Amino acid sequence: MYPESEAIAIAKRENNAKRAYLVVNKLQGKHIPVSPLRAFGMFDLLADKVGAAYTDERMLLVGFAETATAIGARLAVKLDSHYIQTTRETYGDVSWLLFSETHSHAVEQKLIRDDIDAIIGRTDRIVFVEDEVTTGNTILNIVNILEDLYGGRIRFSVASLLNGMTEEHRKEYAERGIEIHYLLKTDHGNYSRIAENYRDNGVCVPCDTSSVDSVREVCFSGRMDARRLVDAAEYQEACESLWRQIESIADCEEGERILVIGTEEFMFPALFVAARMEEKGCCVRCHSTTRSPIAVSSDQGYPLGTRYELRSLYDPDRITYLYDIGSYDSVYVITDAWGSEEAGRNSLLRALGKKNSNIHLIRWCQDEKFI
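Please read these numbers as outputs of a predicted model, since none were measured by experiment.

**Overview of the overall build of the protein**
1) Next: Each helix and strand in the protein was counted, giving 10 helices and 19 strands.
2) Next: Rg of the C-alpha trace for the protein: 20 Å, near the compact-globule value of 21 Å for 371 residues, within the 12% margin.
3) Next: Here the C-alpha coordinates of the protein stretch approximately 55 × 50 × 40 Å along the principal axes.
4) Next: If you take every contact in the protein between residues at least 6 apart in sequence, the share linking residues at least 24 apart comes to 73%.
5) Next: Here the protein displays about 14,700 Å² of accessible surface, and carbon together with sulfur accounts for 43% of that area.
6) Next: Both charge centroids of the protein, one from 43 positive and one from 58 negative side chains, sit 2 Å from each other.

Right, dumping it as structure tokens:
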């Protein structure tokens with residue numbers, strides 16, 4: 001379906017003793033700029049697999065933060081289901097289901113229990129959506145919690161673009177009755193050696209939080225937050241409304257080279273808007289900021305050459321990154337971050353401004369406001 005060389009590349013995790021390598025999906029739109037329509041095409045093939053398996057079941061899809069949030073949302077849209085994503089962000093007055101992602105640089109994962117309580121009685125199957133599953137331990141952690149809370153009446157499945165599980169791990173899932181769907185089977189046996197052979201000779205651009213004033217900054221209304229339970233059709237319609245508002249200020253001329261940037265867990269609305277721009281004939285690429293500290297290298301075959309260090313738009317004390325920024329006619333940053341994050345705003349705009357001048361910062365919020 002997808003040859004491994006087309007879909008993935010092996011990178012080096014930085015300062016992570018738990019797992020030395022990172023499987024970078026070249027078509028997903030997270031670390032590497034990608035055609036949004038091509039990313040959605042990959043997600044839709046996975047949705048077709050899941051939809052064919054469960055034709056008469058009421059499904060809740062759960063996308064894992066941060067890299068699988070757009071995949072999960074797109075699958076939920078295609079399958080006409082309810083959707084919620086996990087998060088690592090702080091939130092309001094809610095109760096949480098807490099579990100761990102032990103191999104990650106940020107191990108805490110959270111799911112809002114109040115929303116699961118509200119939908120569980122109308123759910124036959126929970127489908128956990130990931131970009132890549134290696135051991136499956138993270139998903140088992142949350143399955144155990146859900147079974148303890150709600151008993152054995154819910155069935156569970158996993159849908160991922162990539163699957164690197166060993167036979168032993170797949171057997172454990174089979175014994176638990178957890179079904180697995182994926183597009184590409186990967187073998188991780190040699191990945192650590194591949195990663196270790198790359199030199200750390202890429203370009204690391206330090207964080208610059210100095211003030212930026214020459215950017216058009218707009219807040220558009222109608223925000224829906226997939227960290228809370230959403231009906232996927234309504235979520236897509238909200239993203240469509242966001243696109244129509246952005247279209248009112250965007251040139252989007254045929255052939256224009258456009259970059260769309262999402263922020264951390266906030267990936268699907270950025271990809272959605274980017275896809276609409278691409279459908280109008282623009283040459284669009286989309287990727288997003290990330291918490292993942294990945295080594296960069298100029299060696300042939302290595303996926304990431306330049307790393308820009310940023311402050312997070314969501315937490316000024318958190319370091320985030322953006323990789324391999326190119327030069328475009330226009331750049332659109334689309335985010336749901338709103339608050340006292342001047343350092344995050346400035347550092348991202350400074351990084352993009354090293355190669356671009358026509359930059360727009362789009363905030364998706366509840367009420368329309370021009371800044």
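**Let's talk about the side chain of Gln85**
1) Next: Position of Gln85 relative to the elements: it lies in strand β4 (residues 82-85).
2) Next: Note on Gln85: relative accessible area 5%, which makes it buried.
3) Next: Within the local environment of Gln85, its side chain forms a polar contact with the side chain of Glu265, the two groups lying 3.1 Å apart.

**Comments concerning the pairing of strand β8 (residues 155-163)**
1) Next: In terms of burial, β8 is a largely internal element, 8 of the 9 residues being buried.
2) Next: One ladder, built from 8 bridges, connects strand β7 (residues 125-133) with β8; its direction is parallel. Along β8, the bridge assignment pairs Val129 with Ala159.
3) Next: As for the winding sense of the linkage, the β-α-β connection from β7 through helix α5 (residues 137-150) to β8 is right-handed.
4) Next: Where β8 and strand β9 (residues 179-185) come together, 6 bridges link them in parallel fashion.

**Overview of the pattern of salt bridges**
Pairing of side chains with opposite charge becomes possible as their charged atoms draw close.
1) Next: The full count for this structure, using the stated rule, is 31 salt bridges.
2) Next: The closest approach of N and O atoms between Arg113 and Asp117, which form a salt bridge, is 3.6 Å. Of this pair, Arg113 and Asp117 both sit in helix α4 (residues 113-119), separated by 4 residues, roughly a single helical turn.
3) Next: For Arg113, a relative accessible area of 31% translates into the label partly exposed.
4) Next: In this structure, the salt-bridge partner of Lys280 is Glu247, at a minimum N-O distance of 3.2 Å. Of the two residues, Lys280 sits in the loop between α9 (268-279) and β14 (283-289) while Glu247 sits in helix α8 (residues 232-247), which places them 33 residues apart along the sequence.
5) Next: Take Lys280: its relative accessible area is 38%, and that puts it in the partly exposed class.
6) Next: A residue is classified by how much of its surface remains accessible, and Glu247, at 32% relative accessible area, is partly exposed.
7) Next: Among the ionic contacts, a cluster of salt bridges with common partners joins Glu217, Glu341, Glu342, Arg345 and Arg363.

**Section: the nonpolar core**
1) Next: By size, the foremost hydrophobic cluster in this structure holds 94 residues, and its most contacted members are Phe43, Leu75, Phe128, Ile246 and Met277.
2) Next: The dominant element in this core, judged by the number of residues it contributes, is α9, at 8 residues.
3) Next: With 20 residues, the next largest nonpolar core counts Leu259, Leu322, Ala337 and Leu352 among its residues.

**Description of the sheet that holds β8**
1) Next: Pairing within the open sheet is mixed, and its 6 strands lie in the order β9-β8-β7-β3-β4-β12. Lying at the two open borders of the sheet, with one neighbouring strand each, are β9 and β12 (230-231).

**Topic: unusual backbone geometry**
1) Next: Following Ala65, the chain continues to Glu66 via a peptide bond in cis, the omega torsion being 0°.
2) Next: In this structure, Glu66 sits in the loop between β3 (59-63) and α3 (69-79).
3) Next: Of note in the backbone geometry, Glu264 takes a positive phi value of approximately 55° without being a glycine.
4) Next: Turning to its location among the elements, Glu264 is positioned in the loop between β13 (257-263) and α9.
5) Next: Assessed through its relative accessible area of 2%, Glu264 is described here as buried.
6) Next: Its identity is not glycine, yet Asp324 carries a phi of approximately 50°, on the positive side.
7) Next: Tracing the sequence through the fold places Asp324 in the loop between β16 (319-323) and β17 (330-335).

Rules of the game
Residues numbered from 1 in each chain as written. Predicted model: local features only at pLDDT ≥ 70, side-chain atom pairs only at ≥ 80, totals over all residues. Heavy atoms only, no water. Helix = DSSP H or I, 4+ residues; strand = E, 2+ residues; numbered from the N terminus. Rg over C-alpha atoms; globule rule 2.2 N^0.38 Å. Contact = heavy atoms within 4.5 Å. Areas by Shrake-Rupley, 256 points an atom, 1.4 Å probe, with all protein chains shown as cover. Lys, Arg positive; Asp, Glu negative; His and termini not counted. Charge placed at Lys NZ, Arg CZ, Asp CG, Glu CD. Buried < 20%, exposed > 50% of the residue type's maximum accessible area, 1.4 Å probe, protein only. Polar contact = N/O pair within 3.5 Å; in protein donor to acceptor, adjacent residues only side chain to side chain. Pairing = 2+ DSSP bridges. Right-handed = clockwise from strand over helix to strand, strands pointing away. Salt bridge = Lys/Arg side-chain N within 4 Å of Asp/Glu carboxyl O. Core = buried A, V, L, I, M, F, W, Y, C linked by side-chain atoms within 4.5 Å.

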